[in-house]
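An overview of the molecular structure
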Amino acid sequence: MSNHVYKMVELVGSSTTGTDDAIRNAIAMASGSLRHLDWFEVVQTRGHVVDGKVAHYQVTLKVAFRLEAQAAASGQASSPNT
């Protein structure tokens with residue numbers, strides 16, 4: 001197994017269905033612009049209550065993507081939008 005260097009970003013996913021969908025929504029959106037997504041960590045879970053019922057779920061995630069070897073070797077971070 002080779003050594004890797006990661007960059008972490010914080011995201012907030014949301015859903016009216018549940019926390020799992022909120023996580024999936026955040027990961028799906030991030031994967032459209034970030035390459036080499038390898039892992040995530042749930043940092044916070046919260047919700048919005050309307051008329052005594054859960055109306056919306058929000059999940060804060062730390063998402064890590066692996067830096068490319070060329071960028072890591074030169075000391076520069078790879079652009080998350082490439």
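Presented here is an overview of the structure given in this document. The shown structure was predicted, so the numbers you read here are calculated from the model rather than taken from an experiment.

Check the secondary structure of the protein and you find two helices and three strands. Taking all 82 residues of the protein together, 21% fall into the buried category. A total accessible area of about 5700 Å² is found for the protein, and carbon and sulfur atoms account for 51% of it.

Now for a nonpolar patch on the surface. Taken together, the side chains of Tyr6, Met8 and Trp39 make up a nonpolar region of the molecular surface, amounting to roughly 270 Å² of accessible area. Tracing the sequence through the fold places Tyr6 in strand S1 (residues 6-15). For Tyr6, a relative accessible area of 33% translates into the label partly exposed.

Moving on, we come to the pairing of strand S2 (residues 37-50). One ladder, built from twelve bridges, connects S2 with strand S3 (residues 53-66); its direction is antiparallel. Among the inter-strand pairings, Thr45 is bridged to a residue of S3, identified as Val59.

Let's shift gears to the pattern of salt bridges. The full count for this structure, using the stated rule, is two salt bridges. When the shortest N-O distance is used, the salt bridge between Glu68 and Arg35 registers 2.4 Å. With Glu68 in the loop between S3 and helix H2 (69-74) and Arg35 in the loop between helix H1 (19-31) and S2, this residue pair connects regions lying 33 residues apart in the sequence. The partly exposed category is assigned to Glu68, whose relative accessible area is 27%. Between Asp38 and Arg66 there is a salt bridge, with the nearest N and O atoms lying 2.9 Å from each other. In this pair, Asp38 is assigned in strand S2 and Arg66 in strand S3, connecting sequence segments 28 residues apart. Asp38 gets classed as partly exposed once you look at its relative accessible area, which sits at 36%. With a relative accessible area of 24%, Arg66 lands in the partly exposed category.

Looking down a regular strand, the side chains alternate between one sheet face and the other. One ladder, built from ten bridges, connects S1 with S3; its direction is antiparallel. Residue pairing for S3: Ser15 is matched across the bridge by Tyr57. Here S2 folds back onto S3, and the loop between the two strands holds two residues, one of which, Asp51, carries a positive phi near 55°.

The rules behind the values
- The written sequence of each chain sets the order in which its residues are numbered from 1.
- In keeping with the predicted nature of the model, local features appear solely for residues at pLDDT of at least 70, side-chain atom pairs appear and are counted solely at 80 or more, and the whole-chain, interface and lining totals rest on all residues.
- Hydrogens and waters are ignored; side-chain quantities use all the structure's heavy atoms.
- In DSSP terms, a helix is any run of H or I states spanning at least four residues, a strand is any run of E spanning at least two, and both are numbered starting from the N terminus.
- To sort residues, take the accessible area from a 1.4 Å probe on protein chains only and compare it with the maximum for the residue type: under 20% means buried, over 50% means exposed, and anything in between is partly exposed.
- Surface accessibility in these figures is a Shrake-Rupley result with a 1.4 Å probe; residues are shielded only by whichever protein chains are displayed.
- Each patch is built from residues that are more than 30% exposed by relative accessible area and take part in no salt bridge. Like charges join if they lie within 9 Å; nonpolar side chains (Val, Leu, Ile, Met, Phe, Trp, Tyr) join within 5 Å.
- Should a side-chain nitrogen of Lys or Arg be within 4 Å of a carboxyl oxygen of Asp or Glu, the pair is scored as a salt bridge.
- Each pair of strands is called paired provided DSSP finds at least two bridges between the two strands.

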